[in-house]
Number of protein chains: 2
Amino acid sequence: MTAIAPGLAAAAARPIGVFDSGVGGLTVLRALRERLPAESFLYLGDTARLPYGTKSEHTVVRYALQAADALVARDIKCLVIACNTASAVALPAMRERYADCPVIGVIGPGARAACAASVSGRIAVLATEATVRGGAYQRAILELRPDAQVTSLACGMFVALAEEGWTEGPIALQVAQRYLERLGTGPTLDVDTLVLGCTHFPALAQVIAQAAGPGVQIVDSAATAAATVEEELAARGLLLAAGSGGPGGRMHFLATDGPERFAGVGGRFLGAPLSVDDVELVDI
Amino acid sequence: MTAIAPGLAAAAARPIGVFDSGVGGLTVLRALRERLPAESFLYLGDTARLPYGTKSEHTVVRYALQAADALVARDIKCLVIACNTASAVALPAMRERYADCPVIGVIGPGARAACAASVSGRIAVLATEATVRGGAYQRAILELRPDAQVTSLACGMFVALAEEGWTEGPIALQVAQRYLERLGTGPTLDVDTLVLGCTHFPALAQVIAQAAGPGVQIVDSAATAAATVEEELAARGLLLAAGSGGPGGRMHFLATDGPERFAGVGGRFLGAPLSVDDVELVDI
């Protein structure tokens, strides 16, 4: 059990804020809860305005700041941007705006996971149109590993498949094959690592792995992001250790539209059933 | 050539406003231009906040009214709601708000087309989640044909396929088959008419027809909506006849986000190339 200075006890008891454009970020919340079981969480899904992945940079920044404002106003101790698109384009604006609240995105952690997994340095990032266009993953990977060869693929159909729940079977597999055929014409891909650069994509990890074939690592940023959050909180003395008798895994959800749909679809991403009573409708 | 009373000439020269959540409504604009070649058009796509099809009724009404306000403020002579979802839930609110501007949705015309095409009265509506939930097609068809048996199917993946441009080939066909298998277990469907109740779906008409098999009529609301607009304008003396020397097919486009993407994807739906210079970015 990590000791917390008395003055920090109240500050540490505050929830961790998690933001996503919709329900996909619940895969990141899932990883956070597994790694940090003593913490409580406040999750906001901007379901009225999703998806962010097809919007312009200007609009994503504007929407993401409005959403983050709503979380910061509820006294969170740190802010996790679970949305890859928002992480890719809005992180600098957020860090400037919330000087007292650490902001952790998923691009940096995803890039670290990719560099750790890749032997050849040939890495492909599967993401939304907006994330690909912004090039943030490419930059983050090349910063860590300047010799890497990074390809980015916009895979918009994966979002629809995950939302529809069609995450296995021939249709999902053929969609994955059609996207991945751009990564090599031979029997094996020209990359050894695929980064799932959208929070919806881990739901399709199995068919993506099948389409990619053996010898290709599939990484996502959820677990690495959770580790980054732990380090950041520990460095500030804000971490609640397991068994510390804190709020212990409590979650509260905010959605800008359709709490019923949020609860229904969200459970698939969180990996646990979600009651509509836990979802609060907010206008941001 | 229809005679226009002198006092009405200026009023008739105003553009027809067309609203959709994105680019799908360009299929309706295409039908309008074919039927009404002398008219000019002002199209607004709320691309920042699309899709409407997964949002709650409350949010769709709010967004649709904001978008319609922006068109009405630009002095249109009638307003066509090309978006099925907005037509399904926001039409009464619009008709109340714009007493002086006729508002034409696509649900009524789509229902008329379905009733005209169906022999058996067994009709299925393929639409977005929000349109299906609202039940507007079902009500409109039953009003015209009380003995009809109407089934509604939410087909969210069709939107993604159309946006991605994957409108033919094995993936599109299997997606259509997977949705349509809910309409009958035998070699033929239990319906004789399918209504394409989302402006994205006409792009997939061919694979939907292939999945449905012979003997099934596929109807969409675009052509019937254009006929309705013609009748409405004629009744008010606001119709420009072909060859009347009017603004003749001129189009101007407004988008709430991403003019480049609008022009790029939009051309597929309009059936004609679209230049980014014709697309004006607006904040509504």
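Residues numbered from 1 in each chain as written. Chains lettered and ligands numbered in written order. Predicted model: local features only at pLDDT ≥ 70, side-chain atom pairs only at ≥ 80, totals over all residues.

## As for the overall build of chain A
Along its length, chain A carries 12 helices and 10 strands. Against the 2.2 N^0.38 benchmark of 19 Å for 284 residues, chain A shows a C-alpha radius of gyration of 18 Å, consistent with a compact globule. Referenced to the eigenvectors of the C-alpha coordinate spread, the extents of chain A come out at roughly 60 × 40 × 35 Å. Classification of the 284 residues of chain A by burial places 56% in the buried group. Within chain A, contacts between residues separated by at least 24 positions form 78% of all contacts whose residues are at least 6 apart in sequence. (Helix = DSSP H or I, 4+ residues; strand = E, 2+ residues; numbered from the N terminus. Rg over C-alpha atoms; globule rule 2.2 N^0.38 Å. Buried ≥ 20, exposed ≤ 12 C-beta atoms within 10 Å, placed from the backbone. Contact = placed C-beta atoms within 7 Å.)

## Overview of the sheet that holds strand β9 (residues 251-255) of chain B
Residue and element names in this part refer to chain B. With respect to topology, six strands assemble into an open sheet ordered β4-β3-β1-β2-β9-β10, the strand pairing being parallel. For this open sheet the edge positions go to β4 (103-104) and β10 (279-281), each flanked by a neighbour on one side alone. Looking at chain direction, β9 and β10 are connected through three bridges and run parallel. The residue of β10 that forms the bridge with alanine 255 is leucine 281. In the packing of helix α11 (residues 222-235) onto the sheet, contacts are made with β1 (16-20), β3 (78-81) and β4, and the angle to β3 comes to roughly 165°. Across the sheet, helix α12 (residues 259-270) lies against β2 (41-45), β9 and β10, angled at about 150° from β10, the strand it touches most. (Pairing = 2+ DSSP bridges. Axes fitted to C-alpha atoms, helices over the stretch in contact; angles between N-to-C directions.)

## Topic: the sheet that holds strand β1 (residues 16-20) of chain A
Residue and element names in this part refer to chain A. Pairing within the open sheet is parallel, and its six strands lie in the order β4-β3-β1-β2-β9-β10. The open sheet terminates on both sides in strands that have one partner only, identified here as β4 (103-104) and β10 (279-281). Strand direction decides the pairing type here: strand β3 (residues 78-81) and β4, joined by two bridges, are parallel. What sits directly across from valine 80, in β4, is isoleucine 104. The strands touched by helix α2 (residues 26-35) are β1, β2 (41-45) and β3; relative to β1, the strand with the most contacts, the crossing angle is about 155°. Set on the sheet, helix α11 (residues 222-235) makes contact with β1, β3 and β4; between it and β3 the angle comes to about 165°.

## A word on the relation of the copies chain B and chain A
Mapping chain B onto chain A calls for a screw motion: a turn of 180° about the axis and a shift of 0.0 Å along it, with 0.0 Å RMSD after fitting. Both copies are brought into coincidence by an operation consistent with a two-fold rotation axis. Within chain B, arginine 49 of chain B has its C-alpha nearest the rotation axis, a separation of 2.6 Å. Same-surface contact between copies: 100% of interface residues of chain B are shared with the interface of chain A. (Least-squares fit on C-alpha atoms with pLDDT ≥ 70 in both.)

## Comments concerning the environment of alanine 127 of chain A
Residues and elements named next belong to chain A. Within the fold, alanine 127 resides in strand β5 (residues 122-127). A residue is classified by how many C-beta atoms lie within 10 Å of it, and alanine 127, with 29 of them, is buried. Placed 45 residues apart in sequence, alanine 127 and alanine 82 show a C-alpha to C-alpha distance of 13 Å.

## Looking at the environment of valine 28 of chain B
All names here are of chain B. With respect to the secondary-structure elements, valine 28 resides in helix α2 (residues 26-35). Judged by the 31 C-beta atoms lying within 10 Å of it, valine 28 falls in the buried class. Along the sequence, valine 28 and glutamate 230 sit 202 residues apart, while their C-alpha atoms lie 13 Å from each other. Setting aside residues up to four positions removed in sequence, valine 28 forms contacts with Val18, Val80, Ala82, Val106, Thr199, Ala222 and Ala225.

## A word on the pairing of strand β7 (residues 193-196) of chain A
Working note: regular strand, side chains alternate between the two faces of the sheet. All names here are of chain A. Here β7 shows a buried face lined by Thr193 and Val195 and a second buried face lined by Leu194 and Leu196. By the bridge criterion, four bridges tie β5 to β7 in an arrangement that is parallel. Looking at β7, one finds that leucine 126 is bridged to leucine 196. Here β7 runs beside strand β8 (residues 217-220); their pairing, made up of four bridges, is parallel. Bridge pairing in β8 places leucine 194 opposite isoleucine 218. You can see the chain leave β7, run along helix α10 (residues 205-212) and come back into β8, and the turn it takes is right-handed. (Right-handed = clockwise from strand over helix to strand, strands pointing away.)

## Observations concerning the interface of chain B and chain A
Contacts between chain B and chain A engage 19 residues on the former and 19 residues on the latter. Of all the secondary-structure elements, those providing two or more residues to the side of chain B that touches chain A are α8 (156-164) and α9 (170-180) of chain B. In the side of chain B that touches chain A, the residues fall into six nonpolar, six polar and seven charged. (Nonpolar A, V, L, I, M, F, W, Y, C, P; charged D, E, K, R; others polar.)

## Focus: the nonpolar core
Within the largest apolar cluster, 206 residues are counted, with the highest numbers of intra-cluster contacts made by Leu32, Val80 and Ile81 of chain A together with Leu32, Val80 and Ile81 of chain B. In contact with leucine 32 of chain B, not counting residues within four places along its chain, are Ile16, Val18, Phe41, Val80, Ala226 and Val229 of chain B. (Core = buried A, V, L, I, M, F, W, Y, C linked by C-beta atoms within 7 Å.)

## Thoughts on the domain arrangement of chain A
Residues and elements named next belong to chain A. Split by domain assignment, chain A resolves into domain 1 (6-105 + 223-281) and domain 2 (108-220). Inter-centroid distance (C-alpha atoms) of domain 1 to domain 2 is 24 Å. The partner domain 2 presents 22 residues to the 25 residues of domain 1 that form the contact. Counting residues per element, the side of domain 1 that touches domain 2 draws most heavily on helix α4 (residues 84-97), which supplies four residues. Residues that form the side of domain 1 that touches domain 2 fall into these classes: 11 nonpolar, 10 polar and four charged. (Domains from an automatic or database assignment.)

## With respect to the packing of α2 of chain B against α11 of chain B
Residues and elements named next belong to chain B. Contact pair α2 / α11: the axes reach a minimum separation of 8 Å and the direction vectors enclose 50°. Relative to α11, the element α2 is oriented oblique. By crossing handedness, the relation of α2 to α11 is classed as right-handed. Facing α2, whose interface residues are Thr27, Val28, Ala31, Leu32 and Arg35, α11 presents Ala222, Ala223, Ala225, Ala226, Ala227, Val229 and Glu230. Considered class by class, the residues forming the contact of α2 with α11 number nine nonpolar, one polar and two charged. (Parallel < 35°, antiparallel > 145°, perpendicular 65-115°, else oblique. Left-handed = near helix turned anticlockwise from the far one by under 90°.)

## Thoughts on the pairing of β1 of chain A
All names here are of chain A. Within β1, five of the five residues are buried, which leaves it mostly tucked inside the rest of the structure. In β1, alternate side chains face the same way, and those of Ile16, Val18 and Asp20 on one face and Gly17 and Phe19 on the other are all buried. Here five bridges tie β1 to β2, and the two strands are oriented parallel to one another. Residue pairing for β2: phenylalanine 19 is matched across the bridge by leucine 44. Handedness of the β-α-β unit built from β1, α2 and β2 comes out right-handed. Sheet topology places β1 next to β3; four bridges connect them, and they run parallel. Counterpart to phenylalanine 19 in the pairing with β3 is isoleucine 81.

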